[in-house]
Amino acid sequence: MQGSKFIQRFNQYCPEWLAEEGDPVGLHIGTLNKEVDRIMMGLDVRPAVVEEAIEKKIDLLIVKHPPIFRPLSRLTTDDVQTKMYADLIKNDIAVYAAHTNMDIIHNGLNDWFCEMLEVVDTSYLIHTHTVKMKKLAVYVPQTDAKKMREALAKAGAGEQGNYQATSFTVNGTGRFTPNEEANPTIGSSNVPEQVQESKIEVIFPETKQTDIVAAMLAAHPYEEPAYDIYHLDNLAENFGIGRVGELKEAMSTEDFIAKVKEVFVLEGLRVVYPHDSKKSIKRVAICGGSGEKFYRDALAANADVYITGDVYYHTAHDMQETGMLVIDPGHYIESLCKEKMVALFEQWKNEEGWKVDFFVSETSTNPFSFK
Ligand SMILES: [Zn+2]
């Protein structure tokens, strides 16, 4: 299978445009224009991960953390930090990163955290993207209308709530006169023609426009297909980073801390107890990775607890005055994405009939331990 084909499917689930501004998601090393037989999912690119990838003969490494987060000034092989990039290139291992887009997507990392903690009725913590709807009207000979509707539905047009492949068709007469340069499917040069045509209308989220127009053009029999695209004020979907939701039953602070520790299989975690301590936990906000900058959003969402990694000393002081409990389970809880993503890859493989092997990186890249 071509690497680009796999990433195309990956992008349908986790599109690059959902990443935060300036987040360097996408292909970092190598090319996607090559055959890939072995794909591995990891959290970080570290020298030990590169060694594992070489040993497993990996063609494409997918990671959560972009390996070249800041621009490189040198690419020497005497430095272990940069040697790993050279090793990847030498072994023809492509590296692709999906970072904040994996935190934002529906059914993504933050949703998996909520599932594990049995947090329900969730919504996003901070709004990031709103997708608007558009409408396509395309005119085709009536004999091609069915084929066109099917092609549009396959490209994702006409999804409306729990309904798929919605469309509206009206029949009429199309008129045109081909000139001498034309190569018409129906009719001939300089002869006015009229054809019984169908006008098919479908709605779609604006993010799918390129795919849908390409599918329409591919399915259209005419040299110069006639179509219109309308802006609509209907909103398709809102997206956001982090999640906030409810526990079914309120829990004591200590029981909840024990639950977080158990669910994420942690040797230890850091807790910022507020001076004005709440007695129980019902409403939970979470943002995997380093989400301390969103703690005020968790407060505004009336969370009793905010779970996020990499909390900074002075920010912890500020948090302590808010009355909200903060739990820092570490950044490494994100390694959950390795197994979860590979389970999804296997599902796509079944659906698409791919011939490819997937691997979960077995290297721990957690730099911290507890003694
Ligand atoms: Zn992260």
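Residues numbered from 1 in each chain as written. Predicted model: local features only at pLDDT ≥ 70, side-chain atom pairs only at ≥ 80, totals over all residues. Heavy atoms only, no water.

## A word on the overall build of the chain
So the rule is basically this: Only DSSP runs of H or I with at least four residues qualify as helices, and only runs of E with at least two residues qualify as strands; both kinds are numbered from the N terminus onward. Burial classes: relative accessible area under 20% of the type maximum marks a residue as buried, over 50% as exposed, and values in between as partly exposed (1.4 Å probe, protein chains only). Any pair of residues with heavy atoms lying within 4.5 Å of one another is described as a contacting pair. Method for areas: the Shrake-Rupley scheme with a 1.4 Å probe, in which residue coverage is limited to the protein chains shown.
Check the secondary structure of the chain and you find 11 helices and 13 strands. Over its C-alpha atoms, taken along the principal directions, the chain stretches across nearly 85 × 50 × 35 Å. When each of the 371 residues of the chain is scored for burial, the buried share is 47%. By sequence separation, contacts in the chain at least 24 residues apart represent 74% of the contacts at least 6 residues apart. About 19,300 Å² of surface is accessible on the chain, with carbon and sulfur atoms providing 48% of the total.

## Quick look at the coordination of the zinc ion
Tetrahedral metal sites with four donors have an ideal angle of 109.5 degrees; octahedral sites with six donors have ideal angles of 90 or 180 degrees. Basically, it comes down to this: With water excluded from the atoms, a metal site may look incomplete; its donors are any N, O or S atoms within 2.8 Å, or within 3.2 Å for Na, K and Ca.
All of the protein donors around the zinc ion are His65 (NE2), His331 (NE2) and Glu334 (OE); their distances to the metal are 2.0 to 2.1 Å. Here the donor residues of the zinc ion are spaced in sequence according to H-x265-H-x2-E. The class for His331 is partly exposed, based on a relative accessible area of 23%.

## With respect to the packing of helix α5 (residues 109–116) against helix α11 (residues 336–352)
Stated precisely, the cut-off is as follows: A fitted line through C-alpha atoms serves as each axis, taken over the contacting stretch for helices, and the angle formed by two N-to-C directions is quoted from 0 to 180°. An angle below 35 degrees is treated as roughly parallel, one above 145 as roughly antiparallel, one from 65 to 115 as roughly perpendicular, and anything else as oblique. The nonpolar class holds Ala, Val, Leu, Ile, Met, Phe, Trp, Tyr, Cys and Pro. Asp, Glu, Lys and Arg form the charged class, and all remaining residues, Gly among them, are polar.
Interaxial distance between α5 and α11 falls to 11 Å at its minimum, and their mutual angle equals 105 degrees. One element, α5, and the other, α11, form an angle in the roughly perpendicular class. Contacts between α5 and α11 pair Leu109, Trp112, Phe113, Glu115 and Met116 from the former with Leu336, Cys337, Lys340, Met341 and Leu344 from the latter. Here the contact of α5 with α11 is built from residues that sort into eight nonpolar, no polar and two charged.

## Things to note about the UniProt feature "binding site: a divalent metal cation" (unreviewed entry) in the chain
Short version of the rule: UniProt positions are given in the numbering used here, feature names are shortened, and annotations may be inferred rather than shown by experiment. In protein, a polar contact means a hydrogen-donor-capable atom and an acceptor-capable atom, both N or O and within 3.5 Å, with residues adjacent in sequence counting only if both atoms are side-chain atoms; elsewhere, any N or O pair within 3.5 Å suffices.
In the numbering used here, UniProt assigns the "binding site: a divalent metal cation" (unreviewed entry) feature to His65, Asp103, His331 and Glu334. The greatest C-alpha distance among the residues just named is 12.9 Å, despite their covering 270 residues of sequence, which places them together in space. Note that Asp103 resides in helix α4 (residues 100–104). Among the structural elements, His331 can be located in the loop between β12 (325–328) and α11. What His331 contacts, discounting residues up to four positions off in sequence, is His65, Gly289, Ser290, Gly309 and Asp310. A polar side-chain atom of His331 sits 3.1 Å from a polar atom in the side chain of His65.

## Some details on the pairing of strand β5 (residues 119–141)
Each regular strand displays side chains that alternate between the two surfaces of the sheet. Which entries qualify depends on this criterion: Pairing between strands requires that DSSP locate at least two bridges from one strand to the other.
For β5 and strand β8 (residues 226–252), the ladder comprises 16 bridges, and the chain directions are antiparallel. Within β8, the position partnered with Ile126 by the bridge is Ile241. Pairing of β5 with strand β7 (residues 193–205) involves nine bridges; the strand directions are antiparallel. When the sheet's bridge partners are listed, Tyr139 is paired in β7 with Lys199.

## A few points about the sheet that holds strand β10 (residues 280–287)
Reading across the sheet, the eight strands line up as β6-β7-β5-β8-β10-β11-β12-β9 and stay open at both edges, with mixed pairing between neighbours. The outermost strands of the open sheet, each flanked by one partner alone, are β6 (168–176) and β9 (270–272). Each neighbouring strand pair of the sheet contributes to a mean axis angle of 25 degrees, computed without reference to strand direction. Across four bridges, the pairing between β10 and strand β11 (residues 305–308) is parallel. Note on β11: the bridge partner recorded for Ala285 is Tyr306.

## Points about the domain arrangement of the chain
Heads up, the condition is: Residue ranges for the domains originate in an automatic or database domain assignment. The term buried area denotes the loss of accessible surface (1.4 Å probe radius) that occurs when two parts are joined, taken as the sum for both partners. Salt bridges, as used here, are contacts in which a Lys or Arg side-chain nitrogen is within 4 Å of a carboxyl oxygen on Asp or Glu.
By domain assignment, the chain separates into domain 1 (3–102 + 334–360), domain 2 (106–128 + 240–329) and domain 3 (133–235). One C-alpha centre belongs to domain 1, the other to domain 2, and the line joining them spans 29 Å. Of the residues lining the interface, 11 residues belong to domain 1; the matching set on domain 2 comes to 13 residues. Across the interface of domain 1 and domain 2, roughly 950 Å² is buried in total on both sides, 67% from carbon and sulfur atoms. The tally of links from domain 1 across to domain 2 stands at zero salt bridges. Counting the contacts that link domain 1 with domain 2 gives three residue pairs in polar contact (both at pLDDT 80 or more).

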